[in-house]
Amino acid sequence: KIYTASTTAPVNIAVIKYWGKRDTKLNLPTNSSLSVTLSQDDLRTHTTAACSSQFSADSLILNGEPQDVSGARQQACFRELRSLRAALEAADPSLPKLSTLPLKIVSENNFPTAAGLASSAAGFAALVRAIADLYQLPQSPTELSRIARQGSGSACRSLFGGYVSWEQGEAANGSDSLALEVAPASHWPQMRAAILVVSAAKKGVSSTSGMQATVATSALFPHRANVVVPERMVQMKQAIRDRDFETFADLTMRDSNQFHAVCLDTSPPIFYMNDVSRAAIRVVEEINRLAGKRVAAYTFDAGPNAVVYYLDENEDLVLGSLKGGLKGVPGWRASVTAEGVQGLD
Ligand code: DP6
């Protein structure tokens, strides 16, 4: 017999960035972070988890390619989920003993993997959700976020839709480093995100090694982690509660720029943005200047692709100006909104 469960998990794009670990094994961060979960229609991972005595060993296939499951991240997720299942089985001996069976995970991304489009976030969130469903675990998304975090830090935020914080926590074992819902998507349904696929190529420096280098070498970094981000987390949550786009946009752009500043302050320096990324920043700053207020906010993760947040009422203005201002830029792919997706070209 083969037991299966399938799920999809969305991508999330941070507006207050996670960058830096205080514990690299447990993926415990040096600062809290906050993200917006994007619509599943265009950017998501679809994962099927199966277990059976017919399988010879645990396996994982991503986009048709077999992956190594011996890595600490996968192992941690498998181990934690199995032990939750084993507890259920111990409490109810009539349940099938799934916790001892080999797992087979099959995952598909519908967007470029490792191009700074948060693929590991959706990937590990889908893996954890699919196995939790296979095992019929009663744990809440916040409890599962603790497990997804050990797969990839940003993945813990993809267990929720809408506006999500990852609270850094204090405990050495990571028990209080987890994701919480700040507000559901329905709280501010006018929010939209456009994605400029500047490059779909695999990124040069992975987030994992890049953030470690920053923690080890950047003199600016402690100020960001200890002073700036804690203040911004409070302000950002308030801006979301108030649906205050001007403040949301200001904090989002400042935080993206500071994250890339600590990358530049890393030795050797890390460059994720390129000339097209910087052109996109100039266009957004110009849109806001001409509008006389902030109607668009850019943010960049560990790659050159821009995500631009804006409100529905400003869609024509923002997308029209971006298209006009970035003429000749290859790879304008899609606009992802809270409700759905539309092609721009
Ligand atoms: C720039 O979650 O990919 O996207 O925990 O090592 O897997 P690991 O790192 P990862 O880092 C994401 C960094 C970021 C900012 C963010 O998503 O908050």
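Residues numbered from 1 in each chain as written. Predicted model: local features only at pLDDT ≥ 70, side-chain atom pairs only at ≥ 80, totals over all residues.

Naming follows an unreviewed UniProt entry, where the protein chain appears as Diphosphomevalonate decarboxylase of Sphaerosporella brunnea. Quoted straight from UniProt, the Catalytic activity (unreviewed entry) entry for the protein chain says "(R)-5-diphosphomevalonate + ATP = isopentenyl diphosphate + ADP + phosphate + CO2". Quoted straight from UniProt, the Pathway (unreviewed entry) entry for the protein chain says "Isoprenoid biosynthesis; isopentenyl diphosphate biosynthesis via mevalonate pathway; isopentenyl diphosphate from (R)-mevalonate: step 3/3." (UniProt positions renumbered as here; feature names shortened; annotations may be inferred.)

(A) The arrangement of the overall build of the protein chain in detail. Regarding its fold elements, the protein chain presents eight helices and 16 strands. For the protein chain, the C-alpha radius of gyration of 20 Å lies close to 20 Å, the compact-globule estimate for 345 residues. Overall size of the protein chain, expressed as C-alpha extent along the three principal axes, is 65 × 45 × 40 Å. Burial analysis of the protein chain (345 residues in total) assigns 48% to the buried set. Pairs at least 24 apart in sequence give 72% of the contacts found in the protein chain among residues at least 6 apart. (Helix = DSSP H or I, 4+ residues; strand = E, 2+ residues; numbered from the N terminus. Rg over C-alpha atoms; globule rule 2.2 N^0.38 Å. Buried ≥ 20, exposed ≤ 12 C-beta atoms within 10 Å, placed from the backbone. Contact = placed C-beta atoms within 7 Å.)

(B) Main features of the packing of helix H1 (residues 72-91) against helix H3 (residues 141-151). Running from N to C, H1 and H3 cross one another at 160°; their axes reach a closest spacing of 7 Å. When the axis of H1 is compared with that of H3, the two are roughly antiparallel. Counting all contacts with H1, which are made through Arg-73, Ala-76, Cys-77, Glu-80 and Leu-81, the residues of H3 involved are Ile-147, Gln-150 and Gly-151. Residues that form the contact of H1 with H3 fall into these classes: four nonpolar, two polar and two charged. (Axes fitted to C-alpha atoms, helices over the stretch in contact; angles between N-to-C directions. Parallel < 35°, antiparallel > 145°, perpendicular 65-115°, else oblique. Nonpolar A, V, L, I, M, F, W, Y, C, P; charged D, E, K, R; others polar.)

(C) Geometry of the packing of helix H7 (residues 275-291) against helix H8 (residues 315-325). In contact at an axis separation of 10 Å, H7 and H8 are set at 130° when each is read in the N-to-C sense. Between H7 and H8, the crossing angle belongs to the class labelled oblique. In terms of crossing hand, the pair formed by H7 and H8 is right-handed. Contacts between H7 and H8 pair Val-283, Glu-286, Ile-287 and Ala-291 from the former with Leu-317, Val-318, Ser-321, Leu-322 and Gly-325 from the latter. (Left-handed = near helix turned anticlockwise from the far one by under 90°.)

(D) Main features of H1. In a regular helix each residue adds 1.5 Å, so 20 residues correspond to 28 Å; H1 covers 29 Å between its end C-alpha atoms and thus fits that length. Taken as a whole, H1 has its buried residues at Gln-74, Cys-77, Phe-78, Leu-81 and Arg-85. Looking straight down H1, one finds its buried side chains confined to an arc of 95°; they lie on one side. Seen from the buried face of H1, the exposed residues on the opposite side, beyond 90 degrees, are Arg-79, Ser-83, Ala-87, Ala-90 and Ala-91. (Expected span 1.5 Å × (residues − 1). Arc of directions from axis to C-beta.)

(E) Expanded view of helix H4 (residues 207-217). Every buried residue belonging to H4 is among Ser-207, Gly-210, Met-211 and Thr-214, and all of these are buried. Down the axis of H4, the smallest arc covering the buried residues is 95°, so these residues share one side. Looking at H4, the residues exposed on the side facing more than 90 degrees away from the buried face are Ser-209 and Ala-216.

(F) Structural context of the pairing of strand S6 (residues 44-52). Strand direction decides the pairing type here: strand S1 (residues 2-10) and S6, joined by nine bridges, are antiparallel. Considered in S6, the bridge of Ala-9 is made with Thr-45. Sheet topology places S6 next to strand S9 (residues 103-109); seven bridges connect them, and they run antiparallel. Within the sheet, the bridge partner assigned to His-46 lies in S9 and is Glu-108. (Pairing = 2+ DSSP bridges.)

(G) Fine view of the environment of Gly-320. Position of Gly-320 relative to the elements: it lies in helix H8. Considering only alpha carbons, one finds Gly-320 and Gly-20, 300 residues apart in sequence, at a separation of 36 Å.

(H) Representation of the sheet that holds S6 in the model. Spatially, five strands are ordered S1-S6-S9-S7-S8 in an open sheet, and the strand pairing comes out mixed. Single-partner strands in this sheet number two, and they are S1 and strand S8 (65-67). Within this sheet the neighbouring strands show an average axis-to-axis angle of 20°, counted without direction. Pairing analysis gives four bridges linking strand S7 (residues 59-62) to S9, with the strands arranged parallel. Bridged to Leu-62 within S9 is Ser-107.

(I) Here's a closer look at the nonpolar core. In this structure, Ala-125, Val-128, Ile-131 and Val-308 are the most contacted members of the largest nonpolar core, which totals 91 residues. Considering every element that reaches this core, the biggest residue donor is helix H2 (residues 119-134), with eleven residues. If we skip the residues at most four places from it in the chain, Val-128 touches Cys-77, Leu-81, Leu-144, Ile-147, Ala-148 and Gly-151. (Core = buried A, V, L, I, M, F, W, Y, C linked by C-beta atoms within 7 Å.)

(J) Broad picture of unusual backbone geometry. Residue Ser-267 is joined to Pro-268 through a cis peptide bond whose omega torsion reads -5°. Structurally, Pro-268 can be placed in the loop between helix H6 (245-264) and H7. Phi is positive for Asn-27, which is not a glycine, with a value near 55°. Locating Asn-27 in the fold gives a position in the loop between strand S3 (21-23) and strand S4 (28-29). C-beta crowding within 10 Å serves as the criterion here: with 25 such atoms nearby, Asn-27 is assigned to the buried category.

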